[in-house]
Amino acid sequence: MSDLVTVTIDGVEVTVPQGTLVVDAAKMIDNDIPVFCYHPKLKPVGMCRMCLVEIGVPMRDRATGEVLRNEDGSVRLNFGRGLQTACTVVVSDGMVVRTATQPVKDAREAVIEFLLTSHPLDCPICDKGGECPLQNLTMRYGRGESRFDFSNKILLDKHVPLGELIYLDRQRCIQCARCIRFQDEVVDDPVIDFHNRGRRLEIVTLSEPGFDSYWSGNTTDICPVGALTTADFRFGARPWELTSVASVCTHCPVGCNTTLDTRREAIAGGRSVIKRVMPRQNEWVNEIWICDKGRFVHHYADAPTRLKQPLVRKNGQLVEASWDEALDLVAGKLQQHKTAVAGLAGDRLSNEDLYLFQKLFREGLGSNNIDLANRRLAGGDVVAQVGLASGSNLKELGAGDAVLVVATDLHEEAPVWWLRVKQAAERGAVVVVANLRPTRLDKFATHRLHYAPGEALSTIRQLVNLAKVEMETADSDPLAAAADALIKAKNMVVFYGSEGLTYEETDALARLLANLLLVKNGEGHVGRPNNGLIPVWPHSNTQGAWDMGVHPAFAPGYKPVSEPGLRATDIYAGVADGSLKALFVIGADPVGDGLMADRGQLDFLVVQELFMTKTAELADVVLPAQSWAEREGTFTTGERRVQRYYMAIPPIGDSRPDWQILAQINERVGLGKPAFAASLVFNEIAKVVPQYKGMDYRSLARVEKQWPDVGGEDLYYGGTAHENRSGLGQQWACVAESATVERFDVAEQPVIARDGLQLVRVAALYTSGTLIEQSPVLHHRMARPTIQLAHADATALGLADDDRAEVTVNSVTYETAVRVNEQVPAGLVLLSGVPYIAGLTTAQIRKLETAVAQPTGD
Amino acid sequence: MAHILLRHRDIENIHELDVYLAHGGYEGLKKALSIQPDEVIEVVKKSGLRGRGGAGFPTGIKWGFIPKGPGEKYVIINTDESETGTFKDRELVEKNPHQVIEGALIAAYAIGARTIYNYFRGEYMDAAYRFEEALKACYERGLLGQNILGSDFSCDFYCHYGAGAYICGEETALINSLMGNLGQPWSKPPFPAIEGLYGKPTVVNNTETLANVPPILVNGPEWYTSMGTEKSPGVKIVCMSGHVERPGNYEVEMGVTYRQLIEMAGGMRNGRKFKALLPSGGSGPVITEEALDAPMTYEGLTPYGSVMGSSSVIVMDETTDMVWAALKMVHFFRHESCGKCTPCREGTFWMEKVLSRIYHGYGTERDLQILESVANQIGGRCLCALGDFAVNPVLSTIRHFFDEYKAKVSGAGQKQQATRETAVATAD
Amino acid sequence: MITEILKGMFTTFKHLLQPPVTIQYPEVKRPVRYRFKGRHELKRYDNGLEKCIGCALCAAACPADAIFVEAAENTDDERYSPGERYARVYEINMLRCIFCGFCEDACPTEAIVLEDNYELSFYDRASAIYTKEMLLVPVPPGGQPTPQKVEPGKYDRAIPEMEDPK
């Protein structure tokens, strides 16, 4: 094949794709060329000069182009005038690389010696000590003794907060610019840069607040020295003391693979606690990056306010009780009210928990009254048919492919998906963004469709209709142009969310988008790898909740039930009007989220939770569950990848894993002996749910060699992100992969007359919630309630930038800050930093006089 | 002989457009516009004109690298003249600006650029004012802007002022600086001819190079090759400074010897004896008496281990302390190192420290070895040429004047070891 | 026969007249050798700042896993040791310790020193764990106890140019 070239590195021949850099080609045959500034995920710059090697190319006759040969028949090589950087030179056929010669050794020794003339020898107190590329490469290639016999090394600041999250030690910085380039090239947040020159070259933050990026933590992973450290882990532990446990992030439907680094702490009473969260390489999911929410929001696992004992209400008070007492009571009460029970689940629970929860209701109590407490996004059944096909990897999308993103702000809701769509756009994919308002993805979009409030469905319907016909004058109408670009794409991936839409509207949206994917332009865009629908679920395992049948109308595996039960809204109504007598809430806080006013006329309320939530405060029985870090389980991502996480820390108090509690209740309601391990529950799932057939904990733990080589011994190359040794997960196949899917009927949604300012709640990554509140390190970054609106609308309301306002939505009032933002379309108000609000509402905004104390910039 | 570049010395007020036009100004541009761009490149190629900034790359070939076809392209004039002892471009842009503008316009026409930038050294404010006036006059007369001289060729001209960084004379650093980035060079490839300013094909030419272009167009390439030597044709402005009687710019044909240059500048000051000269400001290795009869061409000093460079000749007489001279140069390069690549950032700093210690008499034999070793660790291993420039004065003075170093580290020159560390002052 | 008995008696009487070798411990204590390795002490600088910077290299070097260190960050208002890091928790389990002295070798600031004290006995296992307060030497005369409030920027390097305690 012509796109492969063969090079010889230290006598070993290797065949690599054209365009491969010498340093990568060497890495593929385990020839370590040391680097500091080069990183396989960044563009090469060749500034640290550590990777200098001898590179020879065959000499050719200028006239004939024939390879010149020596007398002995060997190819004559031109090694140029000196050493060349292996990180900037691209391989070419016949190239010969020498990495072990004396000049190369001398050059490496020299660079190490130079770096150490200004790098402090404070390895003993450095957080990177022990996993430091500079340290390792010095041991491996250094001279062993410095000839820099001056005691006055340059002294620079050692404690520079670049923001609340990241600290910089200027003295340790070796000016490799990895962090700067990561922020600029990879995540498009160029908020840090170099300042000054020469030995005074130093990193400064250009944003206010400092280092304002959702990705800042990743810079500490790729920093080859201890110059960048997180506020969370600073001086927390030495790397060799940490025990690493594979896990999966619990905050969004991306399902980033993480590693929990734990250590026993005297101040935690000798318990193992999570010291830091590190990314774990999974090139299918998150590559080697995680967002700062995933990195810093782990403190809830160790929070002192965690529930430790089962609580039972006696004489109006919740008092500690034994597990047997609590479970007996729960089982008894649920059976007593068999005809009037309902279950509400949160979508952060594992598949095992959710499966047993629905089993309790369907098989134990004979009720289908089970739903997600906080339903935002519909379409799970559609996704089961035309979801992103198995074998897909968003990294493979590029020129000729298309991504459609509808009604979601990926940057705030699922940052890693934003990153991957952005990178697809940079590789040449067509990105179409359809939303009420501009989002951060617009910058990378080829087509931006901003529909008017209330016109989401009609716009998408029009898009689908336009995509059917072969068009001649595509570019006249932006919608037609977008439809044309989408339908002509080789591969198409569609993301959809719920911004500004009600649950019912998202259902129609999912069906419309499925129909778009089903439009045949040749093959259609379903059932093939890198094609299909991805729902931007609100939480980490909403997909799993659909799969497990936590739905009034679907049993596990999307089997329709004969008599659908009550939906969440009906359950809330039933609680209020007394038609429901007992309610089981697990991993959700409907009262705190404003979905349920109080316990209404319930006879019995049981809440299974980590914390004493507002709902738990009203409960008759509160069952303390274990957080994800204390137990094992599986989550299913929005890409329908089932991923396994492991037990990292010992349980808090007397808490038990959710699945175990449910299994014990199930036993009490007559469902037989409980499974004694999560893996066995999963085995049962694999039997019952056809989509999960063939999966077990062992197959989920399967790994394969990934490129680039990250983690392991080679910290210098990919940074300290962990190697994946514990499982890449498995994607389950949607219907379209094996059968033909018919077009979906889409029910016409009632058109609601919209007048006046329309208010839409938009997502912010750090929106206050039960879990995030436990991480003090993020408190300064929390999204405060804010409204954004266009200048004309603001003026009409008498509002200006930095004013305070009172916003009433669905009879809940928020005090918010006011931001005048010309990016916001007229007639629209964006409300962020508040709990989820479905659909559009007519805005009721009142200016607050300045007499109200303004929170100063804390 | 009438000046070809420094024409203001023959014609008064040639910086005014009328005067310039009256003396054959913009005839070269007219000639260029009358032929195809490819033919213009061919003429420049034939003339053998080579880059006057120091590297000596053939200008016509450089223009020829620019991809043909539509798309934005740029011409950048490099007036970031920061080399020690160099002041030729300053005189050109200040006194004879139109010749530079005309040359740049011809370059723009040849490669199909619609925009020209002139990157000025930040300290050249006076020259820049004069230059901007010239630009204004050109716009008024239709020599810049839309449809220049009634042709299809349109071109805009912008001036940019650097902030006093030597490194921004390197073309990629200059482009970075022009784009608003930190003035640091990038590792080539990509070459500016393919991906330069804003990722578009870009030609970066020295001011003096472009000033050579109009007369070549007017008089033809044969006229140009009749001057100078075969491989280094044409004329060159030499900046004479140091211990000569009359320092200043001298326009000479290529190929004159350095001895002739010193004579031209009035000989050694106060009749002292010649000791050494730096043929290319701070960046070239020093040459001694033996090389004085070498011709001033791009290749002339190769046998003596030095280069012509930008031909800014700094002459030093017998009173000069060569260790001091080397220290001065190293201090300059340490100060100007951009800090991007390790050997230059750390090595220049270390060299200055050791050299300073030796100069002040606290050095030892070992320091001499370290100095040479550090210099060798920098040379040839840096991202751009600055690192190589920085070691040139050190290695060449060690080669030619080892005795002076030797004297500093032994015998009477050497001071007490005890104060060795503390007494050494550095700029940090 | 007689001569043998007399020989034996002679030896006995000879020793009878020599001074006794038994030392009346604990009233009398024999001095230990210069290189004796007894109980650890955590040293201070002359101004009272702790030498230990909480790097946990001693814990890493310890073959018996007897040392436990937890570090925290110094501030100029509350400074325990020079530089940024100090040991918030420092514990040695004397039951585990084998007095090999590796911790001493590993210490970059010469903070931990195995001194003369060999009188280690405990009633229970928990009291065998020596905490930082037990291991730290008293503040030298003229020094201040830690944490100290110091002038900003004065002790911002971990390995300072301070004189060792005499």
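Computed from a predicted structure; not experimentally measured.

### Structural notes on the overall build of chain C
Then, number 1: Helix and strand content of chain C: four helices and five strands.
Then, number 2: In sequence order, chain C lays out its α and β elements as α-β-α-β-β-α-β-β-α.
Then, number 3: Compactness check: chain C gives a C-alpha radius of gyration of 23 Å against a globular reference of 15 Å for 166 residues, more than 25% above the reference.
Then, number 4: Expressed along its principal axes, the backbone C-alpha trace of chain C runs to roughly 85 × 35 × 25 Å.
Then, number 5: A total of 166 residues make up chain C; the buried ones form 39% of that total.
Then, number 6: Counting only contacts in chain C whose residues sit at least 6 apart along the sequence, the fraction spanning at least 24 positions is 77%.
Then, number 7: Total accessible area on chain C stands at roughly 10,600 Å², and carbon and sulfur atoms take up 57% of it.
Then, number 8: Side-chain charges of chain C comprise 21 positive and 26 negative groups, with the mean position of each set lying 7 Å from the other.

### A short note on the sheet that holds strand β16 (residues 317-320) of chain A
Residue and element names in this part refer to chain A.
Then, number 1: Taken together, the seven strands give an open sheet; going across it, the order is β16-β15-β28-β27-β26-β17-β18, and neighbouring strands pair in mixed fashion. Of all the strands in the sheet, the pair left with one neighbour each is β16 and β18 (370-372). On average, each strand axis in the sheet is tilted by 20° relative to the strand beside it, whichever way the strands run.
Then, number 2: The strands touched by helix α8 (residues 351-364) within the sheet are β17 (341-345), β18 and β26 (582-586), with β17 carrying the most contacts at an inclination of about 170°.
Then, number 3: Across the sheet, helix α18 (residues 658-668) touches β26, β27 (604-609) and β28 (621-624), and the angle it forms with β26 is around 155°.

### A word on the nonpolar core
Then, number 1: Among the nonpolar cores identified, the biggest contains 181 residues, and Leu410 and Phe495 of chain A together with Met351 of chain B are the most heavily contacted of them.
Then, number 2: Val382, Leu404, Ala510 and Leu533 of chain A belong to the second largest nonpolar core, which has 109 residues in total.

### Remarks on the domain arrangement of chain A
By a widely used convention, the size of an interface equals the accessible area lost when the partners come together.
Residue and element names in this part refer to chain A.
Then, number 1: Considered domain by domain, chain A is made up of domain 1 (4-100), domain 2 (122-138 + 148-301), domain 3 (311-376 + 541-693), domain 4 (380-535) and domain 5 (758-848).
Then, number 2: A separation of 38 Å is found between the C-alpha centroids of domain 2 and domain 3.
Then, number 3: Listed by partner, the interface residues are 23 residues for domain 2 and 22 residues for domain 3.
Then, number 4: Together, the buried faces of domain 2 and domain 3 total about 1,800 Å²; carbon and sulfur atoms form 60% of this surface.
Then, number 5: It is Val248, Arg271 and Tyr300 in domain 2 that bury the most area against domain 3; as a group they hold 27% of the surface buried on that side.
Then, number 6: Our enumeration of links across domain 2 and domain 3 arrives at zero salt bridges.
Then, number 7: Of all the secondary structure elements, the ones that give two or more residues to the side of domain 2 that touches domain 3 are β12 (243-248), β13 (257-264) and β14 (272-279).
Then, number 8: Of the residues belonging to the side of domain 2 that touches domain 3, the class tally is 13 nonpolar, eight polar and two charged.

### Let's talk about the sheet that holds strand β11 (residues 228-230) of chain A
All names here are of chain A.
Then, number 1: Taken together, three strands build an open sheet; the order of strands is β7-β8-β11 and the sheet is antiparallel. The sheet is open, and its two borders are formed by β7 (160-161) and β11, each paired with just one other strand.
Then, number 2: In this structure, strand β8 (residues 166-168) lies alongside β11, joined through three bridges in antiparallel fashion. Bridging across to β11, Leu168 finds its partner in Leu228.

### Section: empty space enclosed by the protein
Residues and elements named next belong to chain A.
Then, number 1: Counted according to the given criterion, the structure contains ten cavities of 30 Å³ or more.
Then, number 2: The calculated volume of the largest cavity comes to roughly 200 Å³.
Then, number 3: Lining of the largest cavity is provided by 18 residues; of these, Thr220, Thr230, Phe233, Arg276 and Met278 occupy positions nearest its centre.
Then, number 4: Counting residues per element, the ones that place at least two in the lining of the largest cavity are α5 (216-222), β11, β14 and α6 (292-296).
Then, number 5: Per-element accounting of the lining of the largest cavity gives the leading share, four residues, to β14.
Then, number 6: Classifying every residue of the lining of the largest cavity by side-chain character gives five nonpolar, five polar and eight charged.

### Quick word on the pairing of strand β21 (residues 447-450) of chain A
Residue and element names in this part refer to chain A.
Then, number 1: Side chains of β21 alternate between two faces, with His447 and Leu449 buried and Arg448 and His450 left unburied.
Then, number 2: In terms of strand pairing, strand β20 (residues 430-435) meets β21 through four bridges, oriented parallel. Note on β21: the bridge partner recorded for Ala434 is Leu449.

Conventions and cut-offs
- Residues numbered from 1 in each chain as written.
- Chains lettered and ligands numbered in written order.
- Predicted model: local features only at pLDDT ≥ 70, side-chain atom pairs only at ≥ 80, totals over all residues.
- Heavy atoms only, no water.
- Helix = DSSP H or I, 4+ residues; strand = E, 2+ residues; numbered from the N terminus.
- Rg over C-alpha atoms; globule rule 2.2 N^0.38 Å.
- Buried < 20%, exposed > 50% of the residue type's maximum accessible area, 1.4 Å probe, protein only.
- Contact = heavy atoms within 4.5 Å.
- Areas by Shrake-Rupley, 256 points an atom, 1.4 Å probe, with all protein chains shown as cover.
- Lys, Arg positive; Asp, Glu negative; His and termini not counted.
- Charge placed at Lys NZ, Arg CZ, Asp CG, Glu CD.
- Pairing = 2+ DSSP bridges.
- Axes fitted to C-alpha atoms, helices over the stretch in contact; angles between N-to-C directions.
- Core = buried A, V, L, I, M, F, W, Y, C linked by side-chain atoms within 4.5 Å.
- Domains from an automatic or database assignment.
- Buried area = accessible area lost by both parts, 1.4 Å probe.
- Salt bridge = Lys/Arg side-chain N within 4 Å of Asp/Glu carboxyl O.
- Nonpolar A, V, L, I, M, F, W, Y, C, P; charged D, E, K, R; others polar.
- 1 Å grid on protein atoms, 1.4 Å probe; cavity = no way out; pocket = protein on both sides within 12 Å on 5 of 7 lines; lining within 4 Å.
- Points joined across faces, edges and corners; volume = space filled by probe spheres on them.

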